[in-house]
Amino acid sequence: MRGAMIYAPGDIRFESLDDPRILKPTDAVIRTAVTCVCGSDLWPYRGLEPTDEPHPMGHEYVGFVEEVGSEVTSVQPGQFVIGSFATSDNTCANCRNGFPSNCQHRAFMSTCQAEYVRVPHAQGTLVATEDIPGKELWPSLLALSDVMGTGWWAADAAEVRPGSTAVVVGDGAVGLCAVIAARARGAERVIAMSRHASRQKLAREFGATDIVAERGDDGVERIKELTGGIGADSVLECVGTGEAMRQALRSARPGGGVGFVGVPHDVVVDGQELFFSHVGLRGGPAPVRRYLPDLIDRVLTGAIEPGKVFDLTLPLDQVAEGYRAMDERRAIKALLKP
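Residues numbered from 1 in each chain as written. Predicted model: local features only at pLDDT ≥ 70, side-chain atom pairs only at ≥ 80, totals over all residues. Heavy atoms only, no water.

Looking only at helices and strands, one finds 12 helices and 16 strands in the protein chain. Taken along the three principal axes of its C-alpha coordinates, the protein chain extends 60 × 40 × 35 Å. Taken over 338 residues, the protein chain has a buried fraction of 53%. Sequence-distant contacts, at least 24 apart, represent 68% of the contacts inside the protein chain between residues at least 6 apart. When the accessible surface of the protein chain is totalled, it reaches about 14500 Å², and 46% of it is carbon and sulfur. Where the 34 positive side-chain charges of the protein chain centre and where its 44 negative ones centre are 3 Å apart. (Helix = DSSP H or I, 4+ residues; strand = E, 2+ residues; numbered from the N terminus. Buried < 20%, exposed > 50% of the residue type's maximum accessible area, 1.4 Å probe, protein only. Contact = heavy atoms within 4.5 Å. Areas by Shrake-Rupley, 256 points an atom, 1.4 Å probe, with all protein chains shown as cover. Lys, Arg positive; Asp, Glu negative; His and termini not counted. Charge placed at Lys NZ, Arg CZ, Asp CG, Glu CD.)

By the secondary structure assignment, Asp210 is in strand 11 (residues 210–212). In contact with Asp210, other than residues within four places in its own chain, are Arg189, Val190, Ile191, Ala192, Arg204 and Leu226.

With that settled, the discussion passes to the layout of surface pockets. Computed from the structure, the second largest pocket encloses a volume of approximately 320 Å³. Forming the walls of the second largest pocket are 22 residues, and the residues nearest its centre are Met1, Pro20, Thr111, Val117 and Arg118. Secondary structure elements with two or more residues in the lining of the second largest pocket: strand 1 (2–8) and strand 7 (116–119). When residues of the lining of the second largest pocket are assigned to their parent elements, the largest contribution, three residues, is made by strand 7. Of the residues in the lining of the second largest pocket, the class split is 14 nonpolar, four polar and four charged. (1 Å grid on protein atoms, 1.4 Å probe; cavity = no way out; pocket = protein on both sides within 12 Å on 5 of 7 lines; lining within 4 Å. Points joined across faces, edges and corners; volume = space filled by probe spheres on them. Nonpolar A, V, L, I, M, F, W, Y, C, P; charged D, E, K, R; others polar.)

Let's shift gears to the side chain of Arg289. Mapped onto the fold, Arg289 is located in helix 11 (residues 288–300). Here Arg289 is buried and forms no salt bridge, its nearest opposite-charge partner Asp89 lying at an N-O distance of 9.8 Å. A polar contact is formed between the side chain of Arg289 and the backbone oxygen of Gly124, at a distance of 2.8 Å. Other than its neighbours up to four places away in sequence, Arg289 contacts Ser84, Ser88, Asn90, Pro100, Gly124, Thr125, Leu126 and Val127. (Salt bridge = Lys/Arg side-chain N within 4 Å of Asp/Glu carboxyl O. Polar contact = N/O pair within 3.5 Å; in protein donor to acceptor, adjacent residues only side chain to side chain.)

Relative to the elements of secondary structure, Met193 occurs in strand 10 (residues 189–193). Taking the C-alpha atoms as reference points, Met193 and Gly175, separated by 18 residues in sequence, lie 9.0 Å from one another. Setting aside anything within four residues of it in sequence, one finds Met193 in contact with Val167, Val168, Val169, Gly170, Asp171, Val212, Glu214, Gly219, Ile223 and Gln247.

This paragraph deals with the packing of helix 5 (residues 147–157) against helix 6 (residues 173–184). Axis angle and axis distance: for two packed helices, these are the angle between their axes and the distance between the axes, and together they describe the pair. Across the interface, helix 5 lies against helix 6 with an axial gap of 7 Å and an inter-helix angle of 55°. In terms of orientation, helix 5 and helix 6 fall into the oblique class. Crossing handedness for the pair helix 5 and helix 6: right-handed. On helix 6, the residues that touch Val147, Met148, Thr150, Gly151, Trp152 and Ala155 of helix 5 are Ala173, Val174, Cys177, Ala178, Ile180, Ala181, Ala182 and Ala184. Here the contact of helix 5 with helix 6 is composed, by residue class, of 12 nonpolar, two polar and no charged. (Axes fitted to C-alpha atoms, helices over the stretch in contact; angles between N-to-C directions. Parallel < 35°, antiparallel > 145°, perpendicular 65-115°, else oblique. Left-handed = near helix turned anticlockwise from the far one by under 90°.)

Another aspect to go through is the sheet that holds strand 11. Here we have six strands laid out as an open sheet, ordered 11-10-9-12-13-14, and parallel in their pairing. Of all the strands in the sheet, just strand 11 and strand 14 (280–283) have a single pairing partner and so form its edges. The mean inter-strand angle of the sheet, taken between neighbouring strand axes irrespective of direction, is 20°. In terms of strand pairing, strand 9 (residues 165–169) meets strand 12 (residues 232–237) through four bridges, oriented parallel. Bridge assignment links Val168 to a residue of strand 12, and that residue is Leu236. Contacting strand 9, strand 10 and strand 12, helix 6 crosses the sheet at an angle of about 175° to strand 10. (Pairing = 2+ DSSP bridges.)

Structure representation (structure tokens):
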């Protein structure tokens, strides 16, 4: 088969790789329907995470089951499936407590920008649709494997409630999906922090009621102005930088919540400041598998359309251009078709 490999910062190659095969009785192999480039893939692409040796890329996937191991009974060949970027057996204590992304047997998917993918712990990781969905739904279903599930987790972790005010820090695909999540969970007011016109437009389409272009202290001050000097009930941090975290914590009202889902890079939280703010802080890798049945239903019934975050579609063999376009902010998120 063919798939994407990273060799060094800025060096993505599409080349021939070994076909994936069943290695354990809990595995499945799927044929990729569509995959994509994630914002978190840009960390190694930009050299902000080390690439010690060439390795495959990609952790978002939907596709058709080709083969299953002897212990896999929940899906079968021919079915269309969606899975999380983090595998889970769905039986361990952490899974039963609602955190499958912290499964005791967790593995992070990392080979999905390819024509075929081996999925460990397929019994607990993959969810099949009742019928094969129309191709027009594939982008939105693909978004569930990470960015929509992560945006939903941001809203859940920040405790977005009906009638509340939520702030979304970050206008990438996760941040935009977090706008969807905040509205779906009942927020009356959703303030999207964005400085890019195309992303502001999509945020409003997804349900944002206000746009704040300022950042840093100016951004915090603007949030305070919009909330009567108090701050937001919930803040969804969808970036992962120190500046974004500071902005999120300082934009929340006393007793408010911050859900942080951007993979942290150089993030330091001031314990004294957090202590006296009375702000609740929760985050981590999104428990996507917990949300998949509900989110799949929302996509199939037309309640949400997160696939709109894909504003660039390319053949899979042009994956390197997908990285370049996202790195240069010419695209929000690149969809890849085998």
